[in-house]
Amino acid sequence: MASNTYDAVVIGAGHNGLIAAAYLARAGRKVVVLERRDVVGGAAVTEEIFPGYRFSEFSYVVSLLRPEIIRDLELPKHGLKILPLPSTVTPLDNGDYLAGWDDHDLTRQEIYRHSPRDAEAADEYSRQMARAAKAIKPILGLVPPDPSSLSWRDIKGLLRLGQFGASLGEQELYRISKLITQSSADLLEEWFEFDPLKGTKAASGIIGTFLGPRSPGTAYVLLHHYMGEIDGAFRAWGFAKNGNGGVTASIASSARALGVEIRTGAAVQKVIVRGGRAAGVALENGDELQATIVLSAADPKRSFLQFVDPQHFPDEFTQAIRDFRVRGSSGKVNIALSELPQFTCMPGEGPLHRGAISISPSIDYVERAYDDAKYGEFSRNPYMDIIIPSMIDRDMAPPGHHVMSCFVQYAPYDIEGGWDDARRDAFGEAVISTIEKYAPNIRRAIVGKQVITPRDIERIAGITGGNIFHGELLLHQLFFLRPAPQWADFRTPLPGYYFGASGAHPGGGVMGAAGKLAATEVLKDWR
Amino acid sequence: MADAFHQPLLKRTPFHDRTAALCMPQNWRRWAGYIAVGSYDLGVDREYWAIRNHAALIDVSPLMKYVIEGPDAARLLDKVTPRNIARLAVGQVYYTGWCDDDGKMLDDGTVTRLGEQSFRLTSAEPTLRWLAMNAVGMQVAITEVTDRVATLSLQGPKSRAILNRCCESPVDGLKYFRMAANRIAGRAVTISRTGYTGDLGFEIWMDAGDALPVWDALIEGGSDYGITPCGILAMDMARVEAGLFMLDVDYTSATHAWIPGQKSSPYEMGLGWTVSLDKPGYFVGRRALEREHSEGSAWKMVGLEVDWEGLERAFAAVGLPPQVPAMAIRGSMPVYRAGQQVGYASTSTWSPVLKKYIALVHLQRPHYEPGTNVTIEITVEHHRRQAPARVVALPFYDPEWKRK
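J.: I keep staring at the overall build of chain A and nothing clicks. Help me out?
T.: Looking only at helices and strands, chain A has 18 helices and 18 strands in total. Here chain A has a C-alpha radius of gyration of 23 Å; the compact-globule value for 527 residues is 24 Å, and the two agree. Every one of the 527 residues in chain A was classed for burial, and the buried ones make up 56%. Of the contacts formed within chain A by residues at least 6 apart in sequence, a portion of 73% connects residues at least 24 apart.

J.: Explain the sheet that holds strand 7 (residues 118-123) of chain B here, please?
T.: Whether parallel or antiparallel, the strands of a sheet pair through hydrogen bonds between backbone atoms. All names here are of chain B. Across the sheet, which stays open at both edges, the five strands sit in the order 5-6-7-4-8 with antiparallel pairing between neighbours. Of all strands in the sheet, those with a lone pairing partner are strand 5 (93-99) and strand 8 (141-144), marking the two edges. The sheet shows a mean angle of 25 degrees between the axes of neighbouring strands, direction not considered. Bridge count for strand 6 (residues 105-115) against strand 7 is four bridges, and the pairing is antiparallel. Note that in strand 7 the partner of R113 across the bridge is F119. Lying on the sheet, helix 3 (residues 73-80) is in contact with strand 4 (64-69), strand 5, strand 6 and strand 7; it crosses strand 4 at an angle near 130 degrees.

J.: Looking at this structure, I do not really get the domain arrangement of chain B. What am I missing?
T.: Many descriptions give the size of an interface as the accessible area lost when the pieces come together. All names here are of chain B. You can read the domains of chain B as domain 1 (2-63 + 146-230), domain 2 (64-145 + 265-295) and domain 3 (299-401). Distance from the C-alpha centre of domain 1 to the C-alpha centre of domain 2: 26 Å. Contacts between the two partners involve 11 residues from domain 1 and, on the opposite side, 10 residues from domain 2.

J.: Explanation requested: the sheet that holds strand 6 (residues 87-91) of chain A in the structure shown.
T.: Residue and element names in this part refer to chain A. Ordered by their spatial adjacency, seven strands build an open sheet running 7-6-14-15-16-13-17, and the pairing between neighbours is mixed. Here the strands that pair on one side only, and so sit at the sheet edges, are strand 7 (97-101) and strand 17 (446-452). Geometrically, the sheet is characterised by an average inter-axis angle of 20 degrees between neighbouring strands, direction not taken into account. In terms of strand pairing, strand 6 meets strand 7 through five bridges, oriented antiparallel. Bridge assignment links V89 to a residue of strand 7, and that residue is A99.

J.: Hey, could you run me through the interface of chain A and chain B in this one?
T.: At the interface, 20 residues of chain A touch 15 residues of chain B. Every element with two or more residues in the side of chain A that touches chain B is listed here: strand 7, helix 3 (104-114) and helix 4 (116-140) of chain A. Classifying every residue of the side of chain A that touches chain B by side-chain character gives 10 nonpolar, two polar and eight charged.

J.: What exactly am I supposed to notice about the confidence of the model for chain B here?
T.: Do not read the fine detail of predicted coordinates wherever pLDDT is low. For chain B, mean pLDDT is 96; residues scoring 70 or higher make up 98% of the total. On the interface metric, ipTM, the complex scores 0.88, and its pTM is 0.91.

J.: It is not clear to me how the nonpolar core should be interpreted in this structure. Could you clarify?
T.: Burial of nonpolar side chains together is a common tendency in soluble globular proteins. Among the nonpolar cores identified, the biggest contains 172 residues, and A:V9, A:A21 and A:A518 are the most heavily contacted of them. Beyond its immediate stretch of four places on either side in the chain, A:A518 contacts A:A20, A:L295, A:F490, A:Y498, A:F499, A:G500 and A:A504. Counting 110 residues, the second-largest nonpolar core is a separate cluster that includes B:V111, B:F119, B:I184 and B:F283.

J.: Would you mind going over unusual backbone geometry with me for this structure?
T.: The phi torsion of most residues other than glycine is negative, and most of the peptide bonds are trans. A cis amide bond links B:R365 with the next residue in sequence, B:P366, at an omega value of 5 degrees. One can find B:P366 in the loop between strand 17 (356-364) and strand 18 (373-380). Residue B:P395 follows B:L394 across a cis peptide bond; omega there is 0 degrees. Positive phi is not limited to glycine here, since A:H470 has a value of about 60 degrees. On the secondary structure map, A:H470 appears in the loop between helix 17 (454-461) and strand 18 (497-499). The exposure class of A:H470 is buried, given the 32 C-beta atoms found within 10 Å.

About the cut-offs
Residues numbered from 1 in each chain as written. Chains lettered and ligands numbered in written order. Predicted model: local features only at pLDDT ≥ 70, side-chain atom pairs only at ≥ 80, totals over all residues. Helix = DSSP H or I, 4+ residues; strand = E, 2+ residues; numbered from the N terminus. Rg over C-alpha atoms; globule rule 2.2 N^0.38 Å. Buried ≥ 20, exposed ≤ 12 C-beta atoms within 10 Å, placed from the backbone. Contact = placed C-beta atoms within 7 Å. Pairing = 2+ DSSP bridges. Axes fitted to C-alpha atoms, helices over the stretch in contact; angles between N-to-C directions. Domains from an automatic or database assignment. Nonpolar A, V, L, I, M, F, W, Y, C, P; charged D, E, K, R; others polar. pLDDT = per-residue confidence, 0-100. Core = buried A, V, L, I, M, F, W, Y, C linked by C-beta atoms within 7 Å.

Below you can see the structure in the form of C-alpha cells.
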C-alpha cells in the first residue's frame, strides 16, 4: 500500500491537472492526481458511445495546445498527433457555400466569389486584428500577471506612457479602445458586407459565452482568438488522433512515466487545512492524503466554494468567485452515421468534409439563436460548429461509416422549466432538423445520437454550470481578473492551495497553459 | 454556385491551355492567386537569352488590374499616387509607387490613361479597398478587371518586328511608356511599350476571351524572329539587371509591416523621380514625403556588383572554383562596411549578359553613394565569408534600344 503522503496533490485529471502534475513530477516531486470519474481526461475524453463509433465526447478540437508543453512532456512519444483541420465551410441557404481555407490565395478567391470588397477587407482585418493582439498582449498577457500593479485605469496609462507605448501608434490605441467595448456585430459590420462571412466570424466571438453577436464586449473575444497566433502557438489548431481523449491519454502516459500516480474513482470531499495552510485532501471514501501543496484543476466554483471551507478565504474573494460567470450556454450532439452526410452545397466527398462546418448564415441568425436563450429556451435554429472526425481520422468509425460532432449554441444551463429527458430530446431534434436543411440525408443515416446539455456537462465532466471554458471568456473574466482580481497568479488566499485550470489565466480550450503555469508558480514557491 | 467544391485550385490564366501544354518540367509558381509558369525548360538559359536577344513571350495576366472611370478619375489617381496625373496624356503610361499617409510605400504599378476620364491601374496586391476608401465623395467608378483582361509581355530586341508583323497597324511610332489600340488576329488589343525586363518590349492587353487567338498569332508570326514562351524565373533575372524591384521581395507594403523598420518610402526605393512635390494640392503621404525630401532618406535601394576576383579568392581558399546560383535568389544577405553591417541585399542574381554577380541592396546613409566599397556575406563550403563588392547606380543593364 502506497503511503498517502505526497509533495503535491492535484485535483482533477483533465488536461490541465495532468499537465500540472507532470511538470511537478518532472521537477522531482512526488505527485498524485485524484480523479472523481473512472476515466482520466476530464472534458477531453474519447468514448465509444455506440459500438465501433468513437467520439470526443465534450471538447472536440485542440486549440493552441502550447508547443512547449508538447516538447517538455515529450507527448509525441506518448502517442500525441494533432491532425490538421484545414478549412471552415458555411453552408448557405441558396445551396452555395462560403469556405475558408488554410491558404491565403484560396480563401481570398473564395470570398471574392461572394464579395470582392470583403476579399480585400478580410486580409486587412486579419492584419489589423493580429497587430492589435500583438500590441495589447504585453500589457494583458503578463505571465504570471502582476495584479497589484495593474488596474483598468492603469492600463490606459500604460498604453500611453509605458514601455510598450512606443510600439503602439495612436491609431492602434483607438482601435483597441473600440475592440474592448464594441460588439462583434458592430466591428464586423464596419468591415464586411457578406452576411455569411459576418455570421461565421461573429460566431467565434460568442462561443462559450452567454452573449449574442450584438452584445457589447464580444468584439474583444474575436481579438482574443488572435492572441495565440502571435504567441508561437501558430497553426496549433487541429484534431487529435483518437479524439481529445488521445490528448489526455498521451499526457497521462507522460505523467506516469515521470512518476505521477493517478487515482481514478477518487472524488475529493475537502481540502484539509492545517495551521492556515492547505495540508492535503479528504476523499469522499474517507481516505485522507497528506501533501505540502494542493493544486486544484477543477472549476473555480468547486475549487473555492466546495472543496474549501469559506472561512479560509476573505469575503471579497469568495464573493468574486460567486460572481464569476459560469453560465453554460452550449450543448453537444454526437451522431453515429451509416453514411457521409450529403450536404446540398458539397455533394459527394471532398476536402471541405475534413474541416469544420459552421451553421452561421448571418449575424441575425446567430443573434436570433441568442434571443431564444435569453428567455430561457434552447435555440430553435442554433449556431453550430460541426466536424466529421471520421473524415480526419478513419479510426473513429467503422469503415464506410462516420461520426459527427456538433457543438451547439445556445443551450442555456437554466432552461425554462428545467432540463428533462423530453427537453433534451427536443433539443436534439432541433439540431437534427437544422442540419437536415443543409444535409437532407442526415436522418436516414443516423445510427445513434448522444445529446449533451450543459446539465450533462456538469453531471458527467463535473464542470459547474456546464460552461466549456469553466467560466466565460469575457474581458472582465480574463487575464489578471481570472478567476478573481488579485488572484490570477495561480495562488489563492489559502497558502499551499493553488489553482490551475481553465478558470485560471489564460483560460479555455485544450491549451494546457493554466496547468503548466500553475505548476511553474508552485515550483517557484518551493525554491 | 459551388462548382469550386471539388477543385479548390489556384486560378489559371486565360493562356493556360497553351502554357500548360508547353510547360515540360511542370515548373509552376504561385503568383497572386494564379499558377504561373516558372520555366518551360529545366533551366532558364534559353528563356533568359530570348529576353536579351530575340523576344520572350511572358504570360503576366496575374497582374492586378483596375479600370478607374468618371469625371473624378484623374482626381482620384492624383490623390492616391505621388505623380502628377494632370500631365499624363491620353495614351501615356506612368510607372509609380503609392503610399500611406506616412509616406510609406503600399504598392507599385503602372497608370495608363485610356481616355480623358478613363485609366487602367496595375498593382501587385489587391487595391480595390484602398482606392474605394480614397474615392469617397468622388464621381468615379472603380472596377477590378484582373480576370477579364489577359496580358502578355513581349520582351526583347525583336519584339517590335514581331508586332509589326502580327498587328493590324505597325507599332514603330509607339514611344517608350506610350499605349495605343491595335488588332491582332482580328481581336482588339491595346499595346503599351512597357515591361519588366529593361529591354525593348511591349505589353499586350486584351479581353480574356481573345487570349488564345492572340497567343497563337504571336507565336506563329514570331517564329521567324525566335519568339520564345518564357516563364517568370527568367524574367526575375532580367528585372534585377534592369534595377526593377518587386513587392514582398525587395520591399514590404506598409499595410503588411509588423514593425516600422519594415516600411520603405519611394525615395528609399529610388522612386524619388515619381514624387511630384511641385503638383498642386494634397496627395496621400505628401507631408511625410516633403519632410523626407528636405531631410534626406535614411536608406536607399541601390545596385551592388560583387567583385569577381574577390569571390574567386574566397572559394579558392578552400580549393573550389567560384559558385553562384543560376537563378535570382530572393533571400536577405547582410552587407558590411568596415566590419559594421550597413544594409542587406534583397535579391541577387548572376547576370548572364553582364557576366557579373549583382544584387539589389538596401543601404543606410551614407553608404549608398555609388563607388562605395562594401562586402557582402556569402557562404563558401558551409562557412560564412565576405566577398568584396561595390555600390553602383541602377540599372545594371540599360541597352540603348530600350527607349529608341
